[in-house]
Each structure stands twice: as C-alpha cells, then as structure tokens.
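Report on the structure
Each chain is listed here by its residues.
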Amino acid sequence: MPELPEVETYKRYLDGTSLNQIIISVKVIDNRVLNIDESYLRKFVIGNKFKSSIRHGKYLLVNLEQDYLIMHFGMTGDLKYYNKKGDEPKFSKVIFHFENDFNLTYTSRRMFGRIDIAESIEDFIEKKNLGPDAYKMSLEEFKGALKRRSGIAKNLLLNQSFVAGIGNIYSDEILFKTKLYPKTKIDTLDESKIHELFTNIKEVLQVGIERKGDLSNYPNHFLIPHRKKDEHCPICNTGIERNEISGRHGFYCPNCQKKSP
Ligand SMILES: [Zn+2]
C-alpha cells in the first residue's frame, strides 16, 4: 500500500513529467475512483495546466491554476506518463491527455484510490482532519500533535489525524528503530524518547524516499527485510514476532522492543 515515501516518489514523477502543459482531454475509464462527477472533473481540469504539486501525508495535491486535483493512491495506485496510444497501461482508470500528445494515467488494480477536487489545501486538510505531514513536520508540531493524546504507540502512528503519511510497514520500522514495544502507551514516554521517536520518523521516511518506497531494497539492519515468519532480528537475532493491532498485522522484536514493566 502506498505510504508517504511512495507518494513522494509519485509527486516527483509527476513534477518531472507533467507540469505546465495544457490538458486537452480527460478519459475516465472507471468512474468508481472519482469522488466527484466526471463532468465536474472535466470542468476543472480541461484547458488548465498542472502548475505544481504538494504532498500531504499520503495525498498528492496538484495545483490547477486555482483549484487542486487531489489524488489518493489507496492500496495499489500509481502514475504513468506515456505517449503512444498502444501503451495505455493496464489498470488505467483516469487518463489526462496533454497538448504534446503525452498522457498521464492514474492506475489502480483495486478500487480504493480516489480522485477529488479541492478549493484550497487548508480546506482539504481540515475536511479530512489530517495531522501535520510526518516528513515535513517540525519537532514543535510533533509535540503539539502529541498533546492530549493517549493510546498505544502503533495506533497513534497509524492515525492520520495525529500525523499524516505513516502506514503499517513504516510504523513498525519506526517503532523498531526507537526500540518501542508497539503497545507502549504514548503518554508514558519521556522527553528524550519523544525526541528519539520524532528523529526516527524522519530518518525512516527519508530512507524510504531515497529508495522510492521499494520494499525489496532495504538495508539488512532494517526490520523491513525481516517481515516474515521465522525471521530473526538483524540486531539481536531473537525471533521476530507477529502481532495484530486494530486489524493490522505487524512485526516487532520482543527483545529490542521490550514491554515496559
Ligand atoms: Zn532484536
């Protein structure tokens, strides 16, 4: 499932291919990925250009002169820029056709991704109740988001209204790097642990962005290559354990990430 590093990769791809070209037409192959009417999408997009883009959490917001085209990639979403008609990628759902005869297609194998229009970034973030972006937030914003929060660490990291962009895999990695048991109560963390957690959120996401979110390509000392049954911790060689928290299957090292007494 695309988490923040993958969506950042899509953002850079869109910026590198699709900005500042007039959009001549839009082909909607499957309108189930639209949160808006097709006619409404066309009205906002055709004749305009993608001016710039901003990522917030797992959302990509593309500036169309005044409004924003919003893309969420769900479980399997992706973008592809191509020119030949015969090369229309499999699972294309919405195709933006530019004046230079190239196309940008939003693909999704499953129907969980969504395309929408918003008038401003602030309105959108408020409507979706999103917390600060996990990669761009400051330490002050992180501490502000932590105020009055309780509950367990793993759930909080997954909660997009706390901080936006972290999903199941990166939350496990961040907890592993911080040596935090996934069910640690967040309001028991002291100042230095909060600082460490903040630093590790940034570092884990940074490595993810550098690797374009490709999970097959992580350093061995990360938990990611060991997210399997019968794997061992790359730090202490203890057997990795699997847990289920709020319906998500996660992994952790019971030795490095000890339960607090
Ligand atoms: Zn370990």
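Residues take numbers from 1 onward in each chain, read along the sequence in its written order. Residues qualify for local features only when their pLDDT is at least 70, as the model is predicted, and side-chain atom pairs are given and counted only at 80 or more; totals for whole chains, interfaces and linings, by contrast, use all residues.

Re the sheet that holds strand β4 (residues 67–72)
Only when DSSP finds a minimum of two bridges between them are two strands counted as paired. Put simply, DSSP H or I for four residues or longer makes a helix, DSSP E for two residues or longer makes a strand, and each gets a number counted from the N terminus. Taken together, 4 strands build an open sheet; the order of strands is β2-β3-β4-β8 and the sheet is antiparallel. Of all the strands in the sheet, just β2 (52–56) and β8 (114–118) have a single pairing partner and so form its edges. Adjacent strand axes in the sheet meet at a mean angle of 25° when their direction is disregarded. Two strands pair when backbone bridges link them, and β4 and β8 are joined in this way by 5 bridges, in the antiparallel orientation. Across the sheet, the residue bridging to methionine 71 is isoleucine 115, located in β8. A pair of residues counts as a contact when their C-beta atoms, built from backbone coordinates, are separated by no more than 7 Å. To obtain each axis, a line is fitted to C-alpha atoms, and for helices this fit is confined to the stretch in contact; angles are then taken between N-to-C directions over 0 to 180 degrees. Against the sheet, helix α1 (residues 4–17) engages β2 and β3 (59–64), with an angle of about 180° to β2.

A short note on the sheet that holds strand β5 (residues 78–82)
Taken together, 4 strands build an open sheet; the order of strands is β1-β6-β7-β5 and the sheet is antiparallel. What marks the edges here is a single partner per strand, and that holds for β1 (23–28) and β5. Adjacent strand axes in the sheet meet at a mean angle of 15° when their direction is disregarded. Strands β5 and β7 (103–107) of the sheet are contacted by α1, whose axis makes an angle of about 20° with β5. With respect to the sheet, helix α2 (residues 38–45) is in contact with β1 and β6 (92–98), its orientation differing from that of β1 by roughly 160°.

With respect to the domain arrangement of the protein
For the purposes of this description, domain bounds are those given by an automatic or database domain assignment. On domain assignment, one finds that the protein holds domain 1 (4–127) and domain 2 (139–252). The partner domain 2 presents 9 residues to the 8 residues of domain 1 that form the contact. Broken down by element, the side of domain 1 that touches domain 2 gets its largest block of residues, 5 residues, from α1. Counted by class, the side of domain 1 that touches domain 2 contains 2 nonpolar, 3 polar and 3 charged residues. In this classification, Asp, Glu, Lys and Arg are treated as charged, Ala, Val, Leu, Ile, Met, Phe, Trp, Tyr, Cys and Pro as nonpolar, and every other residue, Gly included, as polar.

So, the pairing of β3
Alignment of β2 against β3, held across 5 bridges, turns out to be antiparallel. Along β3, the bridge assignment pairs isoleucine 54 with leucine 61. Connecting β2 to the next strand, β3, in antiparallel fashion are 2 residues, including glycine 57 with a positive phi near 60°. Pairing between β3 and β4: 6 bridges, direction antiparallel. Residue pairing in the sheet places asparagine 63 in a bridge with tyrosine 68 of β4. Taking the residues that link successive antiparallel strands as the turn, the β3-β4 hairpin has 2 residues, and the phi of glutamate 65 there is positive, at about 55°.

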